[in-house]
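Fold and contact review
Here is how the chains run, residue by residue.
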Amino acid sequence: MPKRLKSVELDEDTAWQTLVANIGWAAEKLADEGITLCLEAINARVDMPRFFLDTSGKVIALIEEIEADNLRLQYDIYHMQIMHGDLVRSMECLLPWIGYIQFTDNPGRHEPGTGEINFSNVFSAIDKMDYDGWVSAEYLPSGATAESLYWLPAQN
């Protein structure tokens, strides 16, 4: 059986400096390969209490402190709804840092249309932004996967 690591309490400044050093190192190694590193803020309210990078502001601060051209924000609509709300304005403001957008509805992490997020407005806003990156789903289907794809527009 694998040995479980002992939890260590760090003060916030030490944790931050360790994170800066580790992400800076990773960004440098990935840059050598032409790879962009996307950093995701995970909500600390519902899914990951005490998660260190729990807001887009912290991720942006980390990106700006490291100053690597290959660091971007992974904008997760689900987590941003929980931590910030105001999704469209948030994406517009954060657009220069966004490298990837993923989505699921809130609550429940299910497909669009099962929760509170107005995906018609959100997707329309993304289409109008000067964003040319990937947008993808990451959700727990509320039923059979094929049946959960009803939200996708029909393709002719």
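See the structure above.
Chains are numbered independently. Their residues run from 1 in the order of the written sequence. Residue-level local features of this predicted model are given only where pLDDT is at least 70; pairs of side-chain atoms are given and counted only at 80 or more, and the full residue set underlies all totals for whole chains, interfaces and linings. Side-chain calculation: all heavy atoms of the structure are included, whereas hydrogens and water are not.

**Thoughts on the environment of leucine 30**
Each helix is a run of DSSP H or I of at least 4 residues and each strand a run of E of at least 2, with the numbering of both proceeding from the N terminus. Note on placement: leucine 30 falls in helix H1 (residues 12-32). The sequence separation of leucine 30 and asparagine 70 amounts to 40 residues, and the corresponding C-alpha distance is 8.0 Å. The criterion used for residue contact is that any of the two residues' heavy atoms lie within 4.5 Å. For leucine 30, the residues in contact, after removing those within four places along its chain, are Ile35, Leu37 and Asn70.

**Points about the side chain of serine 148**
Here serine 148 lies in the segment after strand E4 (135-137). Serine 148 gets classed as buried once you look at its relative accessible area, which sits at 2%. If sequence neighbours within four positions are ignored, serine 148 has contacts with Glu111, Tyr139 and Pro141. Summary of the burial criterion: residues with accessible area below 20% of their type's maximum are buried, those above 50% are exposed, and those between are partly exposed, where the area comes from a 1.4 Å probe applied to protein chains only.

**Focus: the pattern of salt bridges**
Salt bridges are defined as contacts in which a side-chain nitrogen from Lys or Arg sits within 4 Å of a carboxyl oxygen from Asp or Glu. Following the criterion strictly, the structure yields three salt bridges and no others. Between aspartate 54 and lysine 58 there is a salt bridge, with its nearest N and O atoms 2.9 Å apart. Owing to a relative accessible area of 12%, aspartate 54 belongs among the buried residues under this scheme. The exposure class of lysine 58 is partly exposed, given its relative accessible area of 28%. The residue aspartate 86 makes a salt bridge to arginine 89 at a minimum N-O spacing of 2.8 Å.

**Looking at the side chain of glutamine 74**
Structurally, the position occupied by glutamine 74 is in strand E2 (residues 71-76). With a relative accessible area of 14%, glutamine 74 lands in the buried category. Polar contacts here mean pairs of N or O atoms no more than 3.5 Å apart (in protein, one a potential hydrogen donor and the other a potential acceptor; neighbouring residues in sequence count only if both atoms are side-chain atoms). One polar contact links glutamine 74 to glutamine 102, side chain to side chain, over a distance of 2.9 Å. If sequence neighbours within four positions are ignored, glutamine 74 has contacts with Cys38, Leu39, Glu40, Ala41, Tyr100 and Gln102.

**A closer look at the layout of surface pockets**
The probe, sized like a water molecule, is rolled over the atoms to show the empty space still left. Think of a 1 Å grid over just the protein atoms. A cavity is a set of points where a 1.4 Å probe fits yet cannot get out, a pocket is an open set with protein on both sides within 12 Å along at least five of seven lines, and lining residues have an atom within 4 Å of a point. Grid points are joined across faces, edges and corners, and a volume is the space filled by probe spheres set on the points. Put simply, the largest pocket is a space of about 440 Å³. Tallying contributions element by element places H1 first for the lining of the largest pocket, with four residues. Amino acid classes used here: Ala, Val, Leu, Ile, Met, Phe, Trp, Tyr, Cys and Pro are nonpolar; Asp, Glu, Lys and Arg are charged; the rest, including Gly, are polar. Residues that form the lining of the largest pocket fall into these classes: seven nonpolar, two polar and six charged. Within this model, the second largest pocket holds a volume of roughly 220 Å³.

**Things to note about unusual backbone geometry**
Here the amide bond leading from asparagine 106 into proline 107 is cis, since omega sits at 0°, within 30 degrees of zero. By the element assignment, proline 107 lies in the loop between strand E3 (98-103) and helix H5 (119-128). At arginine 109, a position not held by glycine, the phi torsion is positive, near 60°. Mapped onto the fold, arginine 109 is located in the loop between E3 and H5.

Keep in mind these numbers describe shape, not what the thing actually does.
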